[in-house]
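Report on the structure
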Amino acid sequence: MKLVLVAAVALVKDRRVLLAQRPAGKSLAGLWEFPGGKIEPGESPEVALIRELDEELGITASAQSLSPLAFASHSYPDFHLLMPLYLCRDWQGTPHGREGQAIEWADINSLDDYPMPPADLPLLPSLRAL
Ligand SMILES: Nc1nc2c([nH]c(=O)n2[C@H]2C[C@H](O)[C@@H](COP(=O)(O)OP(=O)(O)OP(=O)(O)O)O2)c(=O)[nH]1
Ligand SMILES: [Mg+2]
């Protein structure tokens, strides 16, 4: 089974977390996910996230602003996903969907209203515990 490493981040402001909707045409289209993406060869998870936050949302974050929160380990039919989830409360700029994706500041107590990839569901208690 192929192991795929993806870095993801919960951007948290007040009691809200930023979710992005996976665009039509991509796998898991329409589901709400944490920003992030595949870790490229030679990248640390932190460096991958700093790159993805710029590419996807147009914001700047530092490695020191990313703290480990939880991780997902989930078998999809064609690969196994290993996805560290970081917490970030401090960044520069205002997030906007730079790749045409919808984004929402979701109330941490209302995450059930956002259909998410199955890999993400075990991560939600860590967020609710914040
Ligand atoms: N970013 C992110 N990916 C997730 C989450 N949950 C989950 O199962 N995934 C899966 C979906 C994809 O199979 C994989 C991320 O791949 P992706 O295609 O979005 O990666 P990417 O941002 O590097 O985009 P691309 O350049 O490959 O198109 O991880 C999540 O919360 N956030
Ligand atoms: Mg992505």
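Residues numbered from 1 in each chain as written. Chains lettered and ligands numbered in written order. Predicted model: local features only at pLDDT ≥ 70, side-chain atom pairs only at ≥ 80, totals over all residues.

1. Structural notes on the overall build of the chain
Of regular secondary structure, the chain possesses two helices and seven strands. Its C-alpha radius of gyration of 14 Å places the chain within 12% of the 14 Å reference for a compact globule of 130 residues. A burial count over the chain gives 27% of its 130 residues as buried. Restricting to contacts in the chain with at least 6 residues of sequence separation, those with at least 24 account for 66%. (Helix = DSSP H or I, 4+ residues; strand = E, 2+ residues; numbered from the N terminus. Rg over C-alpha atoms; globule rule 2.2 N^0.38 Å. Buried ≥ 20, exposed ≤ 12 C-beta atoms within 10 Å, placed from the backbone. Contact = placed C-beta atoms within 7 Å.)

2. Describing the site of ligand 1
Taken together, 13 residues lie near ligand 1, and Glu33, Gly36, Gly37, Pro117 and Ala119 sit nearest. Elements that contribute at least two residues to the shell around ligand 1 include exactly β1 (3–13) and β4 (36–38). Ranked by residues supplied to the shell around ligand 1, first place goes to β4 with three residues. In terms of residue class, the shell around ligand 1 is built from seven nonpolar, three polar and three charged. (Near = placed C-beta within 6 Å. Nonpolar A, V, L, I, M, F, W, Y, C, P; charged D, E, K, R; others polar.)

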